[in-house]
Protein chains: 2
Amino acid sequence: MNQQSSEHLMKQIHAYIESLPYSRNPKGLYDPIEYVLSLGGKRLRPVLMLLAYNLYKEDVERIFPQAAAIETYHNFTLLHDDLMDNAEMRRGKPVVHKKWNPNAAILSGDAMLILSYQFMMQDCPAQYVKSVMEVFGQTALEVCEGQQWDMEFETRTDVTVEEYIEMIRLKTSVLLAGALKIGAILGGASEDDAQLLYDFGVRMGLAFQLQDDYLDVYGDPAVFGKKIGGDILCNKKTYMLITALEKADAQTRRELLDWIAASNYVPSSKIEAVTAIYNKVGIGEICQQKIDQYYEEAKALLEKVSVEDALKQNLMDFVLKLMNRKL
Amino acid sequence: MNQQSSEHLMKQIHAYIESLPYSRNPKGLYDPIEYVLSLGGKRLRPVLMLLAYNLYKEDVERIFPQAAAIETYHNFTLLHDDLMDNAEMRRGKPVVHKKWNPNAAILSGDAMLILSYQFMMQDCPAQYVKSVMEVFGQTALEVCEGQQWDMEFETRTDVTVEEYIEMIRLKTSVLLAGALKIGAILGGASEDDAQLLYDFGVRMGLAFQLQDDYLDVYGDPAVFGKKIGGDILCNKKTYMLITALEKADAQTRRELLDWIAASNYVPSSKIEAVTAIYNKVGIGEICQQKIDQYYEEAKALLEKVSVEDALKQNLMDFVLKLMNRKL
C-alpha cells in the first residue's frame, strides 16, 4: 500500500484547514475562529488520524473533514482553557480574550465546538457515523473532565500520582487516542485494531505529557521552545512535583513545601533550589523510567495491530520524532 | 392515531430529564449541569418536538433522548448567555457563575453542549442520523450567530427592524423550528412536511418574541411573570424601541433618544415617559399587527402539512396557549 510521510500529511491537512471558509457573518463570531485556526501548531491530532487511516487505506483526502474536526475541537479547548487560565499568549500571539474580549472567547469557542461536530459529520460514510460520533463525543466529554480535574488540582497539595496520571489521560491522551481510533474506524479497521490504536494513543499521550513535565526542569531551552522552570515558578502540579512530594524524606518535603508557599523570592533561585531537590530525590530518573514504561507499552500495543510491520513504521517514526528519541 | 396532550408530554419529558444520571465525577463539572436542568422551565422545545413526532407516530417515548438533547442545548445557551450578559438570576435562582464561578459556567456549559450531541445521537435510528444531525448542527450554529448579533446590537442605535427580526429568528426561532423539524423527521414525515413544520416554527418563534417585547410594555405584571418596563430601563433594542425610533417624528425621536442617553432618572418616570411615546406613535398596534401577521403565516403553513386537521389541533392548541390568545 502507498503510504504518505507524516510531513506530507501535515502539509496537506494544514492547507485544508487554511482553506476553510470562515469569512462569514457575523464577523465578530467567525473572525476569532479563523484567527485561532491560523496560529498553526503541529496539527498533531489530524496527522495521527491520517496516519491511522493510512494503515488501511490510501485515499487520505477522504477524511480531511474529520481530521479538520479533531483539530477544530482541540483548538476550541485551547481557546476556552486560555480564558479559564487567564493566559496572555498562545503560540506567540495574544489570546482571543485579550485581542477581542472574554465574551468573544466564550461564544466563538462555542461555535468552534459546534463546527467540530459539523466537520466530523461531513461526508462521513453512513456505516461509520455512529461509531465515529460515539468515540468523538465520549472523547470530547472526557477532555472537559480532565480540564475540571486540572483546575481542581490547583488548589490541592494532596494530589496523588495516580490521580495526576488519570487527569492527563483525560486532558491530553484521550484526544490523541480518539484521533487514532477514528482514523482506524474510517479506514475500515477491525474493532480490535481500532481499540489497540486507541490504547497505543493513550500510552503515547501519557509519555508525551511526562516528557513535557520532565523537559520543564531538564530540557534544553533552545530545543524545548518554552522557558525552563515555568512549571516550578507557578507551582504547577506536574509529575515531577507530585512525585517529589510523595518520595522525599520529611525534611526535604518541608523544604519543597516552603518553596511552594514562598511569596518573595528571586525566580532563578526558586528554579535552582527546586531542581536541586528533584536531583536529590532522583525525580528525573523516576520520570524517565515512567516515560520508558509507557513508551514500551505503546510499542507493544502497536505491534499487535494486524497490519504489516512495514506499514506501522510510518506511525512509529512520527511518534519517535515527537519524543525526540534516537533509535 | 392516539395523540397525547401537551401537558402529559411535558410531564413525561420533565420526568425523563430529571432522571438523567448527572451525579458523576468530577462533581465540579456535573453538579452545575444538574442544577441548571433542575430549574425547570416550560420544556417548550422538547414538547414541540414530541408534538411534531406525534403527528406521525404514537410511541413518543422513543425520542425522549432527542427531546432531552434539545432542552440540554437550550439550557447550555442560557448558561453561557447569562455569563456573557452578567445576569444574576435565572428562574428565581442564582446563575451558575454566581453560585459557583465563571470558569464553572464556561466548562460545564461546554460539557452540556457535548452532552446535547450525545443525547441527540442516542438510539437515533440509523436512517435519520444524518438529517437529524444536519438540522441540529445548523440550528446550534445559528443560535450562536443570533447571540452574537444581539450583543453587537447593544452598542448600536441604528439597528433596523429587518436586522432585529433576523437576529430574533436566529437567537430564538430556529431552535423552536429545529425542534419541530427533528420531531417530524424522526416521525417519518416527508421532507415537505418537515420543512413546513420548520417554517411554521420560525413564524411562531417570531410571534412569541414580539409578544414578549409587547408584554414588557403593555403586559399585566401578575400574568407576565416579569416586571413591566425592564426592557425600557435597560434600553434593550426590542421591536418596540426599534420601531419607535424608525416611525417617530423628529421631535419625538429626540425625546426618546434623550431617555436612552439619560443617566439620572426615577425608573418609574422613564417607563411612564417611554410608554407615553410608544402610545403616541402607536407602537402597540404596529407590534400587534406584526404578531398577527406571523401568527396567520404560521397557521397557513401548518394547514399545508399533510396530516389530518384533527391531528394538528393538539399542536395548534399548544401554540395558542403559549400566545395567551382566546380562540
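Here, the structure is the one placed above.
Residues numbered from 1 in each chain as written. Chains lettered and ligands numbered in written order. Predicted model: local features only at pLDDT ≥ 70, side-chain atom pairs only at ≥ 80, totals over all residues. Heavy atoms only, no water.

A.B. asks: Hey, could you run me through the packing of aromatic side chains in this one?
C.D. replies: This model, assessed by the stated rule, comprises 17 aromatic pairs over all chains. Plain terms: the ring middles of A:Y16 and A:F64 are 5.5 Å apart, the flat faces sit at 55 degrees to each other, and that makes the pair tilted. Taken together, the residues A:Y16 in helix 1 (residues 6-18) and A:F64 in helix 4 (residues 64-84) connect sequence positions 48 residues apart. On the basis of relative accessible area, A:F64 is assigned to the buried category, the value being 8%. Measuring from ring centre to ring centre gives 6.2 Å for B:W259 and B:Y265, while their planes differ by 75 degrees; the resulting arrangement is edge-to-face. Ring pairs connect the aromatic residues A:Y73, A:F76, A:Y117, A:F136, B:Y73, B:F76, B:Y117 and B:F136, which therefore count as one cluster. One cation-aromatic arrangement involves A:K181 over A:Y198; the distance from NZ or CZ to the ring centre is 5.5 Å. The cationic tip of B:K99 hangs over the ring face of B:W100; the distance from NZ or CZ to the ring centre is 5.6 Å. (Phe/Tyr/Trp six-rings, centres within 6.5 Å; stacked < 30°, edge-to-face > 60°. Helix = DSSP H or I, 4+ residues; strand = E, 2+ residues; numbered from the N terminus. Buried < 20%, exposed > 50% of the residue type's maximum accessible area, 1.4 Å probe, protein only. Lys NZ or Arg CZ within 6 Å of the ring centre and 35° of its normal.)

A.B. asks: Please explain the relation of the copies chain A and chain B as it appears in this structure.
C.D. replies: Two copies of one chain are present, and they are related through a rotation about an axis combined with an axial shift. By a simple turn and slide, chain A fits onto chain B: the slide is 0.0 Å along the axis, the RMSD is 0.0 Å, and the turn is 180 degrees. The symmetry that links the two subunits is that of a two-fold axis. (Least-squares fit on C-alpha atoms with pLDDT ≥ 70 in both.)

A.B. asks: Sorry if this is basic, but what is going on with the interface of chain A and chain B here?
C.D. replies: A common way to state how big an interface is: give the accessible area lost once the parts meet. Tallying the contact residues gives 38 residues for chain A and 38 residues for chain B. With both sides pooled, the region where chain A packs onto chain B buries about 3400 Å², and carbon together with sulfur makes up 72% of that total. Broken down residue by residue, the surface that chain A buries against chain B is led by A:L107, A:I114 and A:L141, which jointly contribute 18%. In this assembly, chain A and chain B are joined by zero salt bridges. (Contact = heavy atoms within 4.5 Å. Buried area = accessible area lost by both parts, 1.4 Å probe. Salt bridge = Lys/Arg side-chain N within 4 Å of Asp/Glu carboxyl O.)

A.B. asks: What should I look at first to understand the nonpolar core in this one?
C.D. replies: Considering soluble globular proteins, one finds that nonpolar side chains tend to be buried as a cluster. Core analysis: the largest hydrophobic core is formed by 245 residues, its most contacted members being A:Y73, A:F200, B:Y73, B:L197 and B:F200. Look past the residues within four positions of A:Y73 in its chain and what remains in contact with it is A:L113, A:S116, A:F136, A:A140, A:V143, A:C144, A:L175 and B:I114. (Core = buried A, V, L, I, M, F, W, Y, C linked by side-chain atoms within 4.5 Å.)

A.B. asks: Sorry, what's going on with the packing of helix 15 (residues 283-304) of chain A against helix 16 (residues 309-322) of chain A here?
C.D. replies: For any two helices packed against each other, one specifies the crossing angle of their axes together with the interaxial distance. Residue and element names in this part refer to chain A. With their axes 11 Å apart at the nearest point, helix 15 and helix 16 run at an angle of 165 degrees to one another. As judged from the angle between their axes, helix 15 and helix 16 are roughly antiparallel. Here the hand of the crossing between helix 15 and helix 16 comes out right-handed. Two secondary-structure elements touch here, helix 15 through Y295, K299, L302, E303 and K304 and helix 16 through K312, L315, M316 and L320. Along the lines of polarity and charge, the residues of the contact of helix 15 with helix 16 split into five nonpolar, no polar and four charged. (Axes fitted to C-alpha atoms, helices over the stretch in contact; angles between N-to-C directions. Parallel < 35°, antiparallel > 145°, perpendicular 65-115°, else oblique. Left-handed = near helix turned anticlockwise from the far one by under 90°. Nonpolar A, V, L, I, M, F, W, Y, C, P; charged D, E, K, R; others polar.)

A.B. asks: Teacher, can you tell me more about the pattern of salt bridges here?
C.D. replies: Residues and elements named next belong to chain A. According to the stated counting rule, one finds 24 salt bridges over all chains in the structure shown. Among the salt bridges present, the one from R43 reaches E71, with a minimum N-O distance of 3.0 Å. With R43 in the loop between helix 2 (27-38) and helix 3 (44-53) and E71 in helix 4, the pair connects residues that are 28 residues apart, well separated along the chain. The exposure classification of R43 matches that of E71, with both residues buried. Between R156 and E163 there is a salt bridge whose closest N-O contact spans 2.8 Å. A network of salt bridges, in which partner residues are shared, links D150, K171 and K236.

A.B. asks: Just checking my understanding: could you explain helix 16 (residues 309-322) of chain B for this structure?
C.D. replies: Note: α-helices contain 3.6 residues per turn, so residues at a spacing of three or four share the same orientation. All names here are of chain B. The terminal C-alpha atoms of helix 16, which comprises 14 residues, lie 20 Å apart, in line with the 20 Å expected from a rise of 1.5 Å per residue. Within helix 16, the full set of buried residues consists of L311, K312, N314, L315, M316, F318, V319 and L320. Elements in contact with the buried residues of helix 16: helix 1 (6-18), helix 3 (44-53), helix 8 (161-186), helix 9 (191-218) and helix 15 (283-304). Count one or two residues on from helix 16 and you reach N324, which has phi positive near 55 degrees. (Expected span 1.5 Å × (residues − 1).)

A.B. asks: Is there a simple way to explain the state of the cysteines in this structure?
C.D. replies: Applying the stated rule across the entire model yields zero disulfides over all chains. With no disulfide of its own, A:C144 lies 15 Å from the sulfur of B:C144, the closest cysteine sulfur. With no disulfide partner, B:C234 has as its closest neighbouring cysteine sulfur the one in B:C287, 16 Å distant. (Disulfide = S-S within 2.5 Å.)

A.B. asks: When you look at the environment of B:Q138 in this model, what are you seeing that I'm missing?
C.D. replies: Residue and element names in this part refer to chain B. Mapped onto the secondary structure, Q138 falls in helix 7 (residues 126-153). The partly exposed category is assigned to Q138, whose relative accessible area is 40%. Q138 sits 36 residues away from V174 along the chain, and the two C-alpha atoms are 9.3 Å apart.

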